[in-house]
Amino acid sequence: MDYFSDFNYLNFIDELDSNGYSFLPSIKKLNNFNQILDLANRELIDKTYLESSKSHALLEETLDLKNNLEPVLFSYAKEQLNFKGSIDNQYKISRHVQPGKSSEAYRGHFDSHIFTIVFPIMIPSNVDHDGSLIAFPKIKSDTTSEIINTFQKIFYKIFSNEKGLNFLSSRKENINFNFHDFKPLVFLGRRTFHCNHPLSSDSKHSRITFLSHYFDRNPKYSIGNLLRILRNR
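Residues numbered from 1 in each chain as written. Predicted model: local features only at pLDDT ≥ 70, side-chain atom pairs only at ≥ 80, totals over all residues. Heavy atoms only, no water.

Caption draft 1: Looking closely at the sheet that holds strand 3 (residues 90–97). What the 6 strands build is an open sheet, ordered 1-7-4-9-3-2; its pairing is antiparallel. The outermost strands of the open sheet, each flanked by one partner alone, are strand 1 (21–23) and strand 2 (49–51). Strand-to-strand twist across the sheet, computed as the mean angle between neighbouring axes with direction ignored, equals 20°. When strand 2 meets strand 3, the two strands line up antiparallel, connected through 3 bridges. In the strand pairing of strand 3, E51 is matched with I93. Helix-sheet contacts for helix 4 (residues 69–81) involve strand 3, strand 4 (113–122) and strand 9 (207–216), and the interaxial angle to strand 4 is about 155°. (Pairing = 2+ DSSP bridges. Helix = DSSP H or I, 4+ residues; strand = E, 2+ residues; numbered from the N terminus. Axes fitted to C-alpha atoms, helices over the stretch in contact; angles between N-to-C directions. Contact = heavy atoms within 4.5 Å.)

Caption draft 2: Expanded view of the pairing of strand 4. Burial within strand 4 is extensive, with 10 of its 10 residues counted as buried. In terms of strand pairing, strand 4 meets strand 9 through 8 bridges, oriented antiparallel. Among the inter-strand pairings, H113 is bridged to a residue of strand 9, identified as D216. Here 4 bridges tie strand 4 to strand 7 (residues 185–188), and the two strands are oriented antiparallel to one another. Across the sheet, T116 pairs through a bridge with F187, a residue of strand 7. (Buried < 20%, exposed > 50% of the residue type's maximum accessible area, 1.4 Å probe, protein only.)

Caption draft 3: Spotlight on the nonpolar core. Ranked by internal contacts, the top residues of the largest apolar core, which has 52 residues, are L24, F115 and I121. Looking at this core element by element, the count peaks at 7 residues for strand 4. I121 has contacts with I27, F33, L37, A40, L59, F182, I208, T209 and F210, leaving out every residue within four places of it along the chain. Of all hydrophobic cores here, the second largest spans 12 residues; its members include Y106, I134, F136 and C195. (Core = buried A, V, L, I, M, F, W, Y, C linked by side-chain atoms within 4.5 Å.)

Written as structure tokens, this is what we have:
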């Protein structure tokens, strides 16, 4: 199937520009979705994070992101957001949260990359807390200064806990994404403060998502790159 055959790129960019986020069509009906899910389960069985997983690559190949969405995002980044880097400036990470793993909850942050795509792969349902994503789109500006960006990130770290998140939620517009429709979410990563709610210990399934990040303004010196290096040590 041609995943992007009926996709309206103009509406997508308009939504991304005005709202700070937009959606792609559901991936649940892909012919090889179960194959991707099975492979992800095997790769991530004992891991929380895995960079450049085979299952993640298989999904992106199936969608043909390289020849469809990526050039659109790159053009938008260059023409509207003054990005000077390469289209190959990308970072792919798979995330696996087991039921009751509280350390993955409320870890509020901004991404270092301009765009983030969240691909829902295994999404628990019928539980009180399904690990859903809470996001504050366009809560800050996207500065080209890494010094200013770092100080902004440090400031918002005070909300990286349940109490802080509740306080921020009561004062700033936010959206809860549960991904039960399996529509990938695309958002402005450097401008969107986001984190996940807990995944209940009584959930029958883990929660697996693939995260595709595009275009780090300062790939060598950003705080995000430092954290990625430390994670992979």
